[in-house]
Number of protein chains: 2
Amino acid sequence: MPHLIDDAEAMLRERGFKVTGQRTLLLQVLAGQTNYLDAEEIHALAHMQDASISLATVYRTLNLFAELGLVDHRYVEPDHRREVFRLSEGPEQHYLTCMRCGARTLIHTDLLNRMAHELVRRKGVSVVSACACFTGYCAKCTEELKAAGEFTPPVE
Amino acid sequence: MPHLIDDAEAMLRERGFKVTGQRTLLLQVLAGQTNYLDAEEIHALAHMQDASISLATVYRTLNLFAELGLVDHRYVEPDHRREVFRLSEGPEQHYLTCMRCGARTLIHTDLLNRMAHELVRRKGVSVVSACACFTGYCAKCTEELKAAGEFTPPVE
DNA sequence: ATTACTGCAAAGGCTTTGCATTGTA
DNA sequence: TACAATGCAAAGCCTTTGCAGTAAT
């Protein structure tokens, strides 16, 4: 875990960026999370360690990290309103977001990767990032809605 | 094609909504397009027929149509900034959007549908909509970048 | 005659940006 | 000492909303 942060800082220096307290702090915050968080959530966590860090810096830093490939950034909520971020180590994660309770159900992405590969092979394009957003109801809400007879059968 | 509009208008009436000139016009505009368009593009097209139609009405109408299932609405651009709309007849379409020239490459969605079905089967969830956004370079730009030696091999 | 719908302009929510200041190298 | 990075506040961008007026049933 500290490894990751050291590597990231080395990368920053290598590319001529400065290693500031804010950048180190944000790396620590991100390293402590496995889920995707939005900028405000990340800011709130960072703020506990350094009350002076600004939201603007959080945005600027996350965007820099994304450009450097240090973080994944995606839209996960059904409304695609806010972007979410996560350190980019580890496997890609995709979710189904529940329209009723907001719960996220993790999705295996082997099929998504297959789609990307097929695209490359068949169309000659290059895929830089793939994002899948599923919207619907989580298992619990699906049950409850069925039990209540309020269930309009969805697309599938 | 007029069929489609008549059906939509019948549906509006059935559900207690009024069939206004603006709604009919927007149905016509949408019926004349196969691609996804954003609200401003749709407004521009409608504006040519009725200079008094407002962007607010376009948004309200598109959202109503989406709730009624008359239009698909999704985020297609890499930045996910603006939502795009299309009449929901016809098969789902997904794209890879080129980061260099903006071109959209159509993607077959059988694998995406398989993903959705697997999700339902394995996790007990219900899938209402699935959205896949691929970002990268189109075939032409991939070629050109390779030729220019400017190509950093992407994720795939 | 109702009551939904529209246009306008203002507000909302998330993100970016200009500028003076601070801090890294 | 240079110059990138920061904080603050303002602006940007897309979308929604309140309200008074208009139009569909």
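Data block above holds the structure.
Because the structure is predicted, anything quoted here is derived from the model rather than measured.

As for the packing of helix H2 (residues 21-31) of chain A against helix H3 (residues 39-49) of chain A
Residue and element names in this part refer to chain A. Interhelical geometry of H2 versus H3 gives an angle of 115° and a closest axis separation of 10 Å. Crossing of H2 over H3 shows right-handed handedness. Between H2, through Leu25, Leu26, Val29 and Leu30, and H3, the contact on the second element is made entirely by Ile42, Leu45, Ala46 and Gln49. Tallied by class, the residues present in the contact of H2 with H3 amount to 7 nonpolar, 1 polar and no charged.

Examining the packing of helix H2 (residues 21-31) of chain B against helix H4 (residues 55-67) of chain B
Residues and elements named next belong to chain B. Viewed as axis vectors pointing N to C, H2 and H4 meet at an angle of 70°, and their least axial separation amounts to 11 Å. For the element pair H2 / H4, the angle class is roughly perpendicular. Of the residues in H4, those touching H2 at Gln22, Arg23, Leu26, Leu27 and Leu30 are Thr57, Val58, Thr61, Leu62, Leu64 and Phe65. Across the contact of H2 with H4, the residue classes tally to 7 nonpolar, 3 polar and 1 charged.

Here's the deal with the protein's contact with DNA strand C
The environment of DNA strand C is formed by 21 residues, the closest being Tyr59(A), Arg82(A), Arg23(B), Thr57(B) and Arg60(B). Restricting attention to atoms of DNA strand C within 4 Å of the protein, one finds that 75% of them are sugar or phosphate atoms. Val19(A) has a polar backbone atom sitting 3.3 Å from a phosphate oxygen of DNA strand C. The separation between a sugar or linking oxygen of DNA strand C and a polar side-chain atom of Arg81(A) is 3.4 Å. Elements supplying a minimum of two residues to the surface near DNA strand C: helix H4 (55-67) of chain A together with H2 and H4 of chain B. Element by element, the count of residues in the surface near DNA strand C is highest for H4(A), at 4 residues. Of the residues in the surface near DNA strand C, the class split is 6 nonpolar, 6 polar and 9 charged.

Considerations on the interface of chain A and chain B
Contacts between the two partners involve 42 residues from chain A and, on the opposite side, 42 residues from chain B. With both chains or domains summed, chain A and chain B bury close to 3,800 Å², and 63% of this area falls on carbon and sulfur atoms. Here chain A and chain B share 0 salt bridges between them. Where chain A touches chain B, the interface holds 6 residue pairs in polar contact (both at pLDDT 80 or more). When residues of the side of chain A that touches chain B are traced back to their parent elements, those giving at least two are strand S5 (104-107), helix H5 (110-123), strand S6 (126-137) and helix H6 (139-147) of chain A. Alignment of S6(A) against strand S6 (residues 126-137) of chain B, held across 11 bridges, turns out to be antiparallel. If you follow Cys131(A) over to S6(B), its bridge partner there is Cys133(B).

Some points on H3(A)
All names here are of chain A. Turning to H3, its buried residues are Ala39, Ile42, His43 and Ala46. On an axial view of H3, the arc spanned by its buried residues comes to 100°, and they lie on one face. In H3, the exposed residues that point more than 90 degrees away from the buried face are Glu40 and Met48. Buried residues along H3 sit against H2, strand S1 (37-38), H4 and strand S3 (83-87). Structurally, the start of H3 carries an N-cap: the backbone nitrogen of Glu40 is 3.0 Å from a side-chain oxygen of Asp38.

Section: the protein's contact with DNA strand D
The immediate surroundings of DNA strand D are formed by 21 residues, with Arg23(A), Thr57(A), Tyr59(B), Arg82(B) and Glu83(B) found nearest. Across the atoms of DNA strand D situated within 4 Å of the protein, the share located in sugar and phosphate is 75%. A distance of 2.8 Å is found between a base nitrogen of DNA strand D and a side-chain nitrogen or oxygen belonging to Arg60(A). A distance of 3.3 Å separates a phosphate oxygen of DNA strand D from a polar side-chain atom of Arg13(B). Going through the elements one at a time, H2 and H4 of chain A together with H4 of chain B are the ones with two or more residues in the surface near DNA strand D. Along the lines of polarity and charge, the residues of the surface near DNA strand D split into 6 nonpolar, 6 polar and 9 charged.

Overview of the packing of aromatic side chains
Residues and elements named next belong to chain A. Throughout the structure, instances matching the rule amount to 1 aromatic pair over all chains. Ring centres of Tyr36 and Tyr95 lie 6.1 Å apart, and the angle between their planes is 85°; on these two criteria the pair is classed as edge-to-face. On the criterion of sequence distance, the pair formed by Tyr36 in the loop between H2 and S1 and Tyr95 in strand S4 (residues 94-98) is long-range, its members being 59 residues apart.

Quick notes on the relation of the copies chain A and chain B
Mapping chain A onto chain B calls for a screw motion: a turn of 179° about the axis and a shift of 0.0 Å along it, with 0.2 Å RMSD after fitting. What the rotation and shift describe, once combined, is the action of a two-fold rotation axis. Every residue of chain A has its C-alpha some distance from the rotation axis, and the shortest such distance is that of Ala132(A), at 2.1 Å. Both copies share a contact surface, since 100% of the interface residues of chain A are interface residues in chain B too.

The rules behind each value
For every chain, the first residue of its written sequence is number 1, and the numbers climb from 1 along that sequence. Lettering for chains starts from A, numbering for ligands starts from 1, and both go in the order in which the items are written. Two thresholds apply to this predicted model, a pLDDT of at least 70 for residue-level local features and 80 or more for giving and counting side-chain atom pairs, whereas whole-chain, interface and lining totals are computed over all residues. By convention in this description, side-chain values take in all heavy atoms of the structure and omit both hydrogens and water. Lines fitted to the C-alpha atoms define the axes, with helices restricted to the stretch that makes contact. Angles between their N-to-C directions range from 0 to 180 degrees. Put simply, DSSP marks the helices as runs of H or I at least four residues long and the strands as runs of E at least two long, and each gets a number from the N terminus on. In a left-handed crossing the near helix is turned counterclockwise from the far helix by less than a right angle, and in a right-handed crossing that turn is clockwise. Note on definitions: a residue-residue contact is assigned when non-hydrogen atoms from the two residues lie within 4.5 Å. When residues are sorted by character, Ala, Val, Leu, Ile, Met, Phe, Trp, Tyr, Cys and Pro go into the nonpolar class, Asp, Glu, Lys and Arg into the charged class, and all the rest, Gly among them, into the polar class. The labels follow the angle: roughly parallel below 35 degrees, roughly antiparallel above 145, roughly perpendicular from 65 to 115, and oblique for the rest. In this text, near means that some heavy atom of the residue lies within 4 Å of the molecule or strand in question. Counting of polar contacts relies on pairs of N or O atoms within 3.5 Å, with two restrictions inside protein: one atom must be capable of donating a hydrogen and the other of accepting it, and residues adjacent in sequence are counted only when both atoms are side-chain atoms. Throughout, the accessible surface (probe 1.4 Å) given up by two parts as they are put together, summed over both, is called the buried area. By convention in these notes, a salt bridge is any Lys or Arg side-chain nitrogen within 4 Å of a carboxyl oxygen on Asp or Glu. When DSSP finds two or more bridges between a pair of strands, those strands are recorded as paired. Here's how the labels work: a residue is buried when its accessible area is under 20% of the maximum for its type, exposed when over 50%, partly exposed in between, all with a 1.4 Å probe on protein chains only. Directions drawn from the helix axis to the C-beta atoms are what define this arc. Each Phe, Tyr or Trp ring, with Trp reduced to its six-membered ring, pairs with another whose centre is within 6.5 Å; inter-plane angles below 30 degrees give stacked pairs, above 60 give edge-to-face pairs, and intermediate values give tilted ones. In superposing the copies, a least-squares fit is computed on C-alpha atoms, taking residues whose pLDDT is at least 70 in both.

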